[in-house]
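Single-letter residue listing:
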Amino acid sequence: MKLYNLKDHSEQVSFAQAVQQGLGRGQGLFFPQELPKFSLVEIESLLKLDFITRSAKILSAFIGDEISSNDMYRLVKNAFQFPAPVASVEADIGSLELYHGPTLAFKDFGGRFMAQALVQVAADKKITILTATSGDTGAAVAHAFYHLPNIRVVILYPEGKISPLQEKLFCTLGDNIHTIAIQSDFDACQALVKKAFDDDELKTKIGLNSANSINISRLLAQICYYFEAFAQLTSTQREQLVISVPSGNFGDLTAGLLAKTMGLPIKRFIAATNANDTVPRYLETGKWEPHATIATLSNAMDVSQPNNWPRIEEIYKREGWALKSLGHATVSDEVAKQTVCELYQKGYLSEPHGAIAYRALREQLQEGEYGLFLGTAHPAKFKEVVEDILGKSVPLPEGLAERADMTLLSHHMPDDFAKLRDFLIKLNW
Ligand SMILES: Cc1ncc(COP(=O)(O)O)c(C=O)c1O
């Protein structure tokens, strides 16, 4: 697989380089040189395969012989150890539930495949993943890399400033997952990580890597669940399929559009945002005018400068599609709350991110169409918010409830780079 840097097309890299580097020169995103296409007959036969076998074939179509088909099957099998079911919500609407993985969110698919891919392409190199978290990413990264050989993960988080449940989710694992509660705030944690990446000697010594969220391997993995959703639909539902994607950094939508470029016959997409509506306004006015980020109930989508947007523009350009064919909607907190209640009355428990995508879909779906919205997080992941909206308690899924009783294994440290550096150097493999 060859990829180019969207900011500097002369920088071209292999899949292995793109996975290890994350970003290109000038913080440019990597984008595939070839967008593989399947014929309708090939799509039909892919849809008959099981999730793992099909996903391995989709990923191999992009990645090519850098990873053998046997290895690809193994990586996907290790990564996708949980289903992505479509739940029926109304006669013409289903929810693609992407939250049955260990950290209850869609990121488990991309994060776990990225981890597998990184170990594969790094061969025997030892890698230290260093990241700062305000809660969510830490858990996804920790679970994705847990027990993987030649990799260790160090996660910094602000002591006392993440939810107790979030802390339990990634600070009780042990083995190759090291967590440090920093006696300061999230910005201080991020600044410590940045200092580590600026320290060339340290970087080489411990093989620093960030495994960040714009890594191309994540997006490629996410393509697979659009095919999986399609495979579960009836032939009538497949005919006029509209997919609504709750969007923040627009990674999920990028993956959906890539599924379409491969030939999956999706009629159209709707990009649903919260009040952070840079993209919907851009699609309306043609002007890119990010405002200051606004805090909302769907806080994982509180992004005003979505970092995957250049990839979406590139897809439209390369495919010759008109950007105005992309549906869009902005949903306020008030309407998101009402929608969580409305869905609950219909017998479906949701949370604000998925509810925003449902709202946009319900409003824009036309006669004869079938709609899917992405359920990106388990309602228990946003337990407090959902309980507050519904006035009912939301039970934790089994695995998570058990983890809530485990002992925290975190180290504690002041906001002091010299101490962190020393810790990293002394950390045993
Ligand atoms: C629960 C949830 N929904 C939606 C999104 C938005 O996804 P994307 O950033 O790919 O647009 C996120 C992002 O973190 C999320 O955590």
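In this text the structure is predicted, and so the values were computed from the model without any measurement.

**Student:** Whenever I open this one, the environment of glutamine 240 confuses me. Can you help?
**Tutor:** Within the fold, glutamine 240 resides in the loop between helix H11 (235-239) and strand S10 (241-246). When the C-alpha positions of glutamine 240 and glutamate 97 are compared, they lie 20 Å apart, and in sequence the two are 143 residues distant. The residues touching glutamine 240, leaving out its near neighbours within four places in the chain, are Lys267, Gly368, Glu369 and Tyr370.

**Student:** Looking at this structure, how should I read the pairing of strand S11 (residues 268-273)?
**Tutor:** Most of S11 sits out of view: six of its six residues are buried. Alternating residues of S11 divide into Arg268, Ile270 and Ala272 and Phe269, Ala271 and Thr273, and every residue in both groups is buried. Bridge analysis of S10 against S11 gives five bridges, and the strand direction is parallel. By the bridge assignment for S11, isoleucine 243 is matched with phenylalanine 269. Crossover S10 to S11 through helix H12 (residues 251-261) is right-handed.

**Student:** Even after reading the chapter, I still don't get the packing of aromatic side chains, so can you show me in this structure?
**Tutor:** The description of two aromatic rings rests on the distance between their centres and on the angle between their planes. Counted according to the given criterion, the structure contains 16 aromatic pairs. Between the aromatic rings of tyrosine 348 and phenylalanine 373, the centroid separation amounts to 6.4 Å while the plane-to-plane angle is 90°, which identifies the pairing as edge-to-face. Of this pair, tyrosine 348 sits in the loop between helix H15 (333-345) and helix H16 (352-364) while phenylalanine 373 sits in strand S13 (residues 370-375), placing them 25 residues apart in sequence. Taking the relative accessible area as the measure of exposure, tyrosine 348 reaches 10% and is therefore buried. Three or more aromatic residues joined by ring pairs form one cluster here, namely Phe51, Phe80, Phe82, Phe109, Tyr225, Tyr226 and Phe269.

**Student:** Just checking my understanding: could you explain the sheet that holds S10 for this structure?
**Tutor:** Whether parallel or antiparallel, the strands of a sheet pair through hydrogen bonds between backbone atoms. Taking strand neighbours across the sheet as the criterion, the six strands line up as S4-S5-S13-S10-S11-S12 in an open arrangement whose pairing is mixed. Each of the sheet's edge strands pairs with one partner strand only, and the pair in question is strand S4 (86-90) and strand S12 (327-330). With direction set aside, neighbouring strand axes in the sheet form an average angle of 25°. The sheet contacts of helix H10 (residues 216-231) involve S4, strand S5 (93-97), S10, S11 and S13, and relative to S10 the element is tilted by about 140°.

**Student:** I'm lost on the site of the ligand in this one. Help?
**Tutor:** The local shell around the ligand holds 14 residues, among which Lys107, Gly248, Asn249, Phe250 and Thr376 are the closest. Between glycine 251 and the ligand, the recorded distance is 3.0 Å, taken from a backbone N or O atom to an oxygen atom. Here aspartate 252 contributes a backbone N or O atom positioned 2.9 Å from an oxygen atom of the ligand. Compared with its free state, where it exposes 390 Å², the ligand has 94% of that area covered by protein. The residue inventory of the shell around the ligand, partitioned by class, reads six nonpolar, six polar and two charged.

**Student:** I'm lost on the sheet that holds strand S1 (residues 2-5) in this one. Help?
**Tutor:** Taking strand neighbours across the sheet as the criterion, the three strands line up as S2-S1-S3 in an open arrangement whose pairing is antiparallel. Strand pairing shows two members of the sheet lacking a second neighbour, strand S2 (8-14) and strand S3 (30-32), which therefore form its edges. Strand-to-strand twist in this sheet, taken as the mean axis angle between neighbours without regard to direction, amounts to 35°. One ladder, built from four bridges, connects S1 with S2; its direction is antiparallel. Residue pairing for S2: leucine 3 is matched across the bridge by valine 13.

**Student:** How should I be thinking about unusual backbone geometry in this particular structure?
**Tutor:** Note: most residues except glycine have negative phi, and most peptide bonds are trans. In this model, leucine 104 sits at a positive phi of 60°, which is unusual for a non-glycine residue. Mapped onto the secondary structure, leucine 104 falls in the loop between S5 and helix H5 (107-121). Located in the positive-phi region is alanine 123, a residue other than glycine, with phi close to 50°. Relative to the elements of secondary structure, alanine 123 occurs in the loop between H5 and strand S6 (127-132).

**Student:** Just checking my understanding: could you explain the side chain of asparagine 215 for this structure?
**Tutor:** Structurally, asparagine 215 is set in the loop between strand S9 (208-209) and H10. A polar contact of 2.7 Å, which involves the side chain of asparagine 215, links it to the side chain of serine 217.

**Student:** Got a minute to help me understand the nonpolar core in this structure?
**Tutor:** Soluble, globular proteins show a tendency: their nonpolar side chains are buried together. Core analysis: the largest hydrophobic core is formed by 103 residues, its most contacted members being Phe113, Phe145 and Phe227. A total of eleven residues in this core trace back to one element, the largest contributor, which is H10. With residues up to four places along the chain from it excluded, the contact list for phenylalanine 145 reads Ala115, Leu118, Ile129, Ile151, Val153, Asn176, Ile177 and Ala211. By size, the runner-up hydrophobic cluster in this structure holds 29 residues, among which are Val89, Leu343, Leu365 and Phe373.

**Student:** Looking at this model, I keep getting lost on the packing of helix H4 (residues 69-79) against H5. Mind explaining?
**Tutor:** Between two packed helices, the angle of one axis relative to the other and the distance separating the axes together describe the packing. One can describe the packing of H4 onto H5 by two numbers: an axis separation of 8 Å at closest approach and a directional angle of 140°. Comparing the axis directions of H4 and H5 gives the class oblique. For H4 against H5, the interelement crossing comes out right-handed. On the side of H4, the interface is formed by Asp71, Met72, Arg74, Leu75, Val76, Asn78 and Ala79, while H5 contributes Arg112, Phe113, Gln116, Ala117 and Gln120. Class assignment for the residues of the contact of H4 with H5 results in six nonpolar, three polar and three charged.

Conventions and cut-offs
- Counting restarts for each chain, with residues numbered from 1 along the sequence as it is written.
- Whole-chain, interface and lining totals are the exception, using all residues; otherwise, since this is a predicted model, local features are given only for residues with pLDDT of at least 70 and side-chain atom pairs are given and counted only at 80 or more.
- Values reported for side chains reflect all heavy atoms of the structure, with hydrogen atoms and water molecules removed beforehand.
- In this text, helices come from DSSP runs of H or I with a minimum length of four residues, and strands from runs of E with a minimum of two, each type numbered from the N-terminal end.
- Contacts between residues were defined by any pair of non-hydrogen atoms, one from each residue, lying within 4.5 Å.
- Per-residue accessibility, obtained with a 1.4 Å probe over protein chains only, is compared with the maximum for each type, and a residue is labelled buried under 20%, exposed over 50%, and partly exposed between these values.
- A pair of strands is considered paired only if DSSP assigns at least 2 bridges between the two.
- Here the term right-handed applies to a crossover when the path leading from its first strand over the helix to its second strand runs clockwise, the strands being oriented away from the viewer.
- Centre distance within 6.5 Å is the pairing criterion for rings of Phe, Tyr and Trp, where only the six-membered ring of Trp is used; planes under 30 degrees apart are then read as stacked, over 60 as edge-to-face, and the remainder as tilted.
- What counts as an axis is a line fitted to C-alpha atoms, over the stretch in contact for a helix, and the angles between N-to-C directions run from 0 to 180 degrees.
- Nearness is judged by heavy atoms alone; a residue qualifies as near a molecule or strand once a single heavy atom is within 4 Å of it.
- Here a polar contact is taken to be a pair of N or O atoms separated by no more than 3.5 Å, where protein atoms must pair a possible hydrogen donor with a possible acceptor and residues adjacent in sequence count only if both atoms sit in side chains.
- The method behind every accessible area is Shrake-Rupley, applied with a 1.4 Å probe, and residues are considered shielded solely by the protein chains displayed.
- Nonpolar residues are Ala, Val, Leu, Ile, Met, Phe, Trp, Tyr, Cys and Pro. Charged residues are Asp, Glu, Lys and Arg, and all others, Gly as well, are polar.
- Buried Ala, Val, Leu, Ile, Met, Phe, Trp, Tyr and Cys residues that are joined via side-chain atoms within 4.5 Å together make up what is termed a nonpolar core.
- Should an angle lie under 35 degrees it is considered roughly parallel, over 145 roughly antiparallel, and from 65 to 115 roughly perpendicular; all remaining angles are considered oblique.
- Note on convention: near helix rotated counterclockwise from far helix by under a right angle means a left-handed crossing. Clockwise means right-handed.

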